[in-house]
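Observations on chain architecture
Here's the letter readout for the chains.
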Amino acid sequence: MLFLEKYFKLKENGTDVRTELVAGLTTFLTMAYIIFVNPSILGDAGMPKGAVFVATCIAAALGCLIMGLYANYPIAMAPGMGLNAYFAYVVVKGMGMPWEMALGAVFISGCLFLFVSVFKLREMIVNGIPHSIRTSITVGIGLFLGLISLKSAGIVVSSPETLVKVGDLHSAPTLLAIAGFFIIVALDRLKVKGAILIGILAVTVLSFFVAGNKFNGVVDMPPSLAPTLFKLDLMGAISVGLLNVVLVFFLVELFDATGTLMGVANRAGLLVNGKMERLNKALMADSTAILTGSLLGTSSTTAYIESAAGVQAGGRTGLTAVAVGVLFLACLFISPLAGVVPNYATAPALLYVSCLMLRELVDIDWSDTTESVPAAIAALTMPFTYSIALGVAFGFISYAVLKLLTGRVREVRPVIWAIACVFTFKFVYLGAG
């Protein structure tokens, strides 16, 4: 106990071991759904679900341990929602890139993230990109996740006449997904810890009785990690995905991590004069987790906004994050349970996360069309083209063009011009695929 007190500076931060451990459990319950959702999403990309499950648990555990032991912040990490959807549905299924190449792209983006963290370039890049564009990326990913979740639930299906239409609302999986969604929203509104996880498990249990799902037990030794371990293809990623795939991974990782870290730290009262004293350490922990995750076999790992739940429970130091990491390691032994969770059980969680991401719309300045229109274009393009990369590209390009045409070119920072030119070059010479 004395060692923990000294290492994590518990008294200095107004906390104790018990409070930190309870906070860790609280955070874990709010984000444990990722051990079911991530294998489901990456499994759609052809990755072995058992290996992805193990990679998810280990990557989350390592990310949390690095954040806790190195940066000493109560911020948990795991493979990010939105980034896994981009990996599976855009890069692999949409572009036809093998998942090994996609893992290579994640690794390269992690290297870029580590580079800007070590040389303290993050602030220059983030400050150079307007708030409206940063917000639109979050909103667009939310809309994209919403479309994916509705499709997984069977509520939305394809149609040759109208592109999409309503599915069979009488089928058991669809009805279970709808029920799961309302359970999650209601429990979360009532501040029940682990609301999303409870919703997923409730639908899974019901599926054994009404949807023909089969129960295979709860506890077992972890599946083999060999099918995904060190399977990334770096040269393939460099040859076909450097301009669009890697750039999008990097930008989303950078905005997501920075926004989450600052938001959670602010809620915990850990900002000094509006800044995080150890922000670079936290970002280096984030980038290291991305690199490690890609080597293990999962999409980008990032800081989780659900960490705010642990902060609300009193978490103030890295001991909270360490506790979350230990719990993720313990989850390695529940692979049979993870294997029987159907897509329509995780769909409600995806839909609820997407709904929460849309609240960022309120932060856009709708009175200035040179700000709001590029943001709307970016957000709308993502689900309608089934491509986060195209949404990001159209957002940057339209922002630069509208500022130029309205005589407000001085408002456009150099980083905007650079990214807009890169995407324009890609469209003109390499196509939009």
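Here, the structure is the one placed above.
Cut-offs used in this document
- Residues numbered from 1 in each chain as written.
- Predicted model: local features only at pLDDT ≥ 70, side-chain atom pairs only at ≥ 80, totals over all residues.
- Heavy atoms only, no water.
- Helix = DSSP H or I, 4+ residues; strand = E, 2+ residues; numbered from the N terminus.
- Axes fitted to C-alpha atoms, helices over the stretch in contact; angles between N-to-C directions.
- Parallel < 35°, antiparallel > 145°, perpendicular 65-115°, else oblique.
- Left-handed = near helix turned anticlockwise from the far one by under 90°.
- Contact = heavy atoms within 4.5 Å.
- Nonpolar A, V, L, I, M, F, W, Y, C, P; charged D, E, K, R; others polar.
- Salt bridge = Lys/Arg side-chain N within 4 Å of Asp/Glu carboxyl O.
- Buried < 20%, exposed > 50% of the residue type's maximum accessible area, 1.4 Å probe, protein only.

Now for unusual backbone geometry. The residue Lys191 is not glycine, and still its phi comes out positive at about 60°. By the element assignment, Lys191 lies in the loop between helix H9 (172-189) and helix H10 (195-210). Phi is positive for Phe230, which is not a glycine, with a value near 55°.

Another point: the packing of helix H8 (residues 131-152) against helix H16 (residues 343-357). Relative orientation of the contacting elements H8 and H16 amounts to 155°, with a least axis distance of 8 Å. Taken together, H8 and H16 sit at an angle that is classed as roughly antiparallel. Every pair of crossing elements has a handedness; the one defined by H8 and H16 is left-handed. Along the contact surface, H8 presents Thr138, Val139, Ile141, Gly142, Leu145, Gly146, Ile148, Ser149, Leu150 and Ser152, while H16 presents Asn343, Tyr344, Ala347, Leu350, Leu351, Val353, Ser354 and Met357. By residue class, the composition of the contact of H8 with H16 is 11 nonpolar, 7 polar and no charged.

Let's shift gears to the pattern of salt bridges. According to the stated counting rule, one finds 4 salt bridges in the structure shown. With a closest N to O distance of 2.8 Å, Asp368 and Arg408 form a salt bridge. Of the two residues, Asp368 is situated in the loop between H16 and helix H17 (369-385) and Arg408 in the loop between helix H18 (388-405) and helix H19 (414-430); the sequence distance between them amounts to 40 residues. Taking the shortest distance from any N to any O, the salt bridge between Lys403 and Glu371 comes out at 3.0 Å. With Lys403 in helix H18 and Glu371 in helix H17, this pair connects stretches of sequence that are 32 residues apart. For the pair shown, Lys403 and Glu371 are each scored as buried. Here the residues in one salt-bridge network are Asp368, Glu371, Lys403, Arg408 and Glu411, joined through shared partners.

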